[in-house]
Amino acid sequence: MNLEGKTYIVTGASSGIGEGIARDLGVRGANVVLAARRTEKLEAIASEIGNERCLVVATDVTDPDQVAAMVDGAREKFGAIHGLVANAGTAAMGRMEELDPADFRKLLDVNVEGTYTTIRAAWDALKETGGSVVATSSVSGIGGDWGAFAYNASKGAISLMVQGLALDAHASGVRVNAIAPSLTLSELTEGMMDNDDLIGAFKTRIPLGRAADPSDIAGPVAFLLSDEARFVNGVILPVDGGLNASNGQPPLG
Ligand code: NDP
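About the thresholds
- Residues numbered from 1 in each chain as written.
- Predicted model: local features only at pLDDT ≥ 70, side-chain atom pairs only at ≥ 80, totals over all residues.
- Heavy atoms only, no water.
- Near = heavy atom within 4 Å.
- Polar contact = N/O pair within 3.5 Å; in protein donor to acceptor, adjacent residues only side chain to side chain.
- Areas by Shrake-Rupley, 256 points an atom, 1.4 Å probe, with all protein chains shown as cover.
- Helix = DSSP H or I, 4+ residues; strand = E, 2+ residues; numbered from the N terminus.
- Phe/Tyr/Trp six-rings, centres within 6.5 Å; stacked < 30°, edge-to-face > 60°.
- Buried < 20%, exposed > 50% of the residue type's maximum accessible area, 1.4 Å probe, protein only.
- Pairing = 2+ DSSP bridges.
- Axes fitted to C-alpha atoms, helices over the stretch in contact; angles between N-to-C directions.
- Contact = heavy atoms within 4.5 Å.
- Salt bridge = Lys/Arg side-chain N within 4 Å of Asp/Glu carboxyl O.
- Core = buried A, V, L, I, M, F, W, Y, C linked by side-chain atoms within 4.5 Å.
- Parallel < 35°, antiparallel > 145°, perpendicular 65-115°, else oblique.
- Left-handed = near helix turned anticlockwise from the far one by under 90°.
- Nonpolar A, V, L, I, M, F, W, Y, C, P; charged D, E, K, R; others polar.

Please explain the site of the ligand as it appears in this structure.
Close to the ligand lie 29 residues, the nearest being Ser14, Ile17, Arg37, Tyr151 and Ser186. At 2.6 Å from an oxygen atom of the ligand is found a side-chain nitrogen or oxygen belonging to Tyr151. The separation between an oxygen atom of the ligand and a polar side-chain atom of Lys155 is 2.8 Å. Considering the ligand on its own, with 880 Å² of exposed area, one finds that the protein chains cover 94% of that surface. For the shell around the ligand, the secondary-structure elements that each account for two or more residues are helix 1 (16-27) and helix 5 (149-166).

Next comes the structure, spelled out in structure tokens:
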């Protein structure tokens, strides 16, 4: 997909999946608005894509003023906004009795409210172009994980927010979809990658037999953003190596 002349906002573009998406959009010729809190990382990525096609904006998605200023800056530099990748997110693990209620609220603030705030801020601009939203849900937003109920709550909320928004497409003209990756190499998961037992267990459940790289996630996102996906709306697209093909029973042989 050639996305030359299009402009896309990517939140959480400073590392992991968002960085992979931003780089991929850059390769496809798009203008990229890179939003996150760590601007030095964003600036390094922008200089590799090409500064003339990028805008770096320090953005904490839990601050509606910063998010609004980021969208204003994007419109000022590039005019039209054709798509938004609402990807910024974090995790908090632990069973009910282990997780501090303050951490639960903080997680929802970033993952759920931050996603809502970003989509809301870009909505008018996206209505002008018949644009596309891609939110980063997760396989954890489709079913439960052991010891991760809070993360499940936050990602499940994103999945249903996306589907609810997608139903209003006849009025808004904006398509809204989500991706649902399984375990992907990123700052969020780097601590897990040296745990051979854990990674071995993941490999038995992922038919393609490995964790994803951010570049594995970027192609499906580019598709959902593009006009090639003009009749795709309200989809929670697993990008999971086949994890969701299983009915949950363990391997029999
Ligand atoms: P990373 O930690 O590598 O990336 C998280 C990104 O989100 C960073 O760019 C970070 O930037 C940004 N971010 C976090 N909090 C905020 C905030 N308050 N405001 C703005 N930006 C913020 O992890 P991933 O790439 O793994 O995570 C990206 C998304 O993918 C998340 O939504 C995550 O839940 C989801 N996901 C991850 C999977 C995985 O296995 N890795 C699987 C499925 C989904 P900065 O710190 O500079 O602000």
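Additional details are given in the paragraphs that follow.
For this particular structure, what's the right way to read the packing of aromatic side chains?
Each aromatic ring pair is characterised by the separation of its centres together with the angle its planes make. This structure, assessed with the given rule, holds 1 aromatic pair. Residues Phe104 and Phe149 carry aromatic rings whose centres are separated by 5.9 Å and whose planes lie at 15 degrees to one another, so their mutual orientation is stacked. Here Phe104 is found in helix 4 (residues 101-129), whereas its partner Phe149 is found in helix 5, with 45 residues between them in sequence. Its relative accessible area of 25% is what places Phe104 among the partly exposed residues. Look at Phe149 and you get partly exposed, because its relative accessible area is 28%.

Looking at this model, I keep getting lost on the sheet that holds strand 6 (residues 175-181). Mind explaining?
The pairing of strands in a sheet happens through backbone hydrogen bonds and is either parallel or antiparallel. Here we have 7 strands laid out as an open sheet, ordered 3-2-1-4-5-6-7, and parallel in their pairing. Strands at the two margins of the open sheet, each flanked by one partner only, are strand 3 (54-58) and strand 7 (236-239). Taken over all neighbouring pairs, the strand axes of this sheet differ in orientation by 20 degrees on average, direction set aside. Alignment of strand 5 (residues 132-136) against strand 6, held across 5 bridges, turns out to be parallel. By the bridge assignment, Val134 is partnered in strand 6 with Asn177. Strands strand 1 (7-11), strand 2 (31-36), strand 4 (83-86) and strand 6 of the sheet are contacted by helix 1, whose axis makes an angle of about 165 degrees with strand 1.

Where do I start with the pattern of salt bridges in this structure?
Once their charged atoms are close, side chains differing in charge can pair, the charge on each being opposite to the other. According to the stated counting rule, one finds 10 salt bridges in the structure shown. One salt-bridge network, held together by shared partners, links Glu19, Arg23 and Glu48.

Help me out: how do you make sense of the nonpolar core in this one?
One recurring pattern in soluble globular proteins: nonpolar side chains tend to sit buried together. Counting residues in each nonpolar core, the largest one holds 33 residues, and the members touching the most others are Ile9, Val33, Met70, Leu84 and Val133. At the level of secondary structure, the elements contributing two or more residues to this core comprise strand 2, strand 3, helix 3 (64-78), strand 4, helix 4, strand 5, helix 5 and strand 6. In terms of residue count, the dominant contributor to this core is helix 4 (7 residues). Setting aside residues up to four positions removed in sequence, Leu84 forms contacts with Ile9, Thr118, Ile119, Ala122, Leu126, Ser132, Val133, Val134 and Leu225. Core analysis: the second largest hydrophobic core is formed by 28 residues, Ala30, Val32, Leu42 and Ile217 among them.

Looking at this structure, how should I read the side chain of Ser138?
Checked against the element boundaries, Ser138 lands in the loop between strand 5 and helix 5. Take Ser138: its relative accessible area is 6%, and that puts it in the buried class. Within the structure, Ser138 has its side chain in polar contact with the backbone nitrogen of Ser140 (distance 2.8 Å). Not counting chain neighbours up to four residues away, the residues in contact with Ser138 comprise Tyr151, Lys155, Ile179, Ala180 and Pro181.

Help me understand the packing of helix 1 against helix 2 (residues 39-49), please; the structure alone is not making it clear to me.
Each packed pair of helices is defined by two parameters, the angle between the axes and the distance between the axes. Their axes nearest at 10 Å, the elements helix 1 and helix 2 cross at an angle of 20 degrees. Classed by the angle they form, the pair helix 1 and helix 2 counts as roughly parallel. Note on packing geometry: the crossing formed by helix 1 with helix 2 is right-handed. The segment helix 1 lies against helix 2, with Glu19, Ala22, Arg23 and Gly26 engaging Ile45, Glu48 and Ile49. A breakdown of the residues in the contact of helix 1 with helix 2 according to their chemical character gives 3 nonpolar, 1 polar and 3 charged.

I'm lost on the environment of Ala169 in this one. Help?
Its location among the elements puts Ala169 in helix 6 (residues 169-172). Here Ala169 is in contact with Val174 and Asn233, once residues within four sequence places are set aside.

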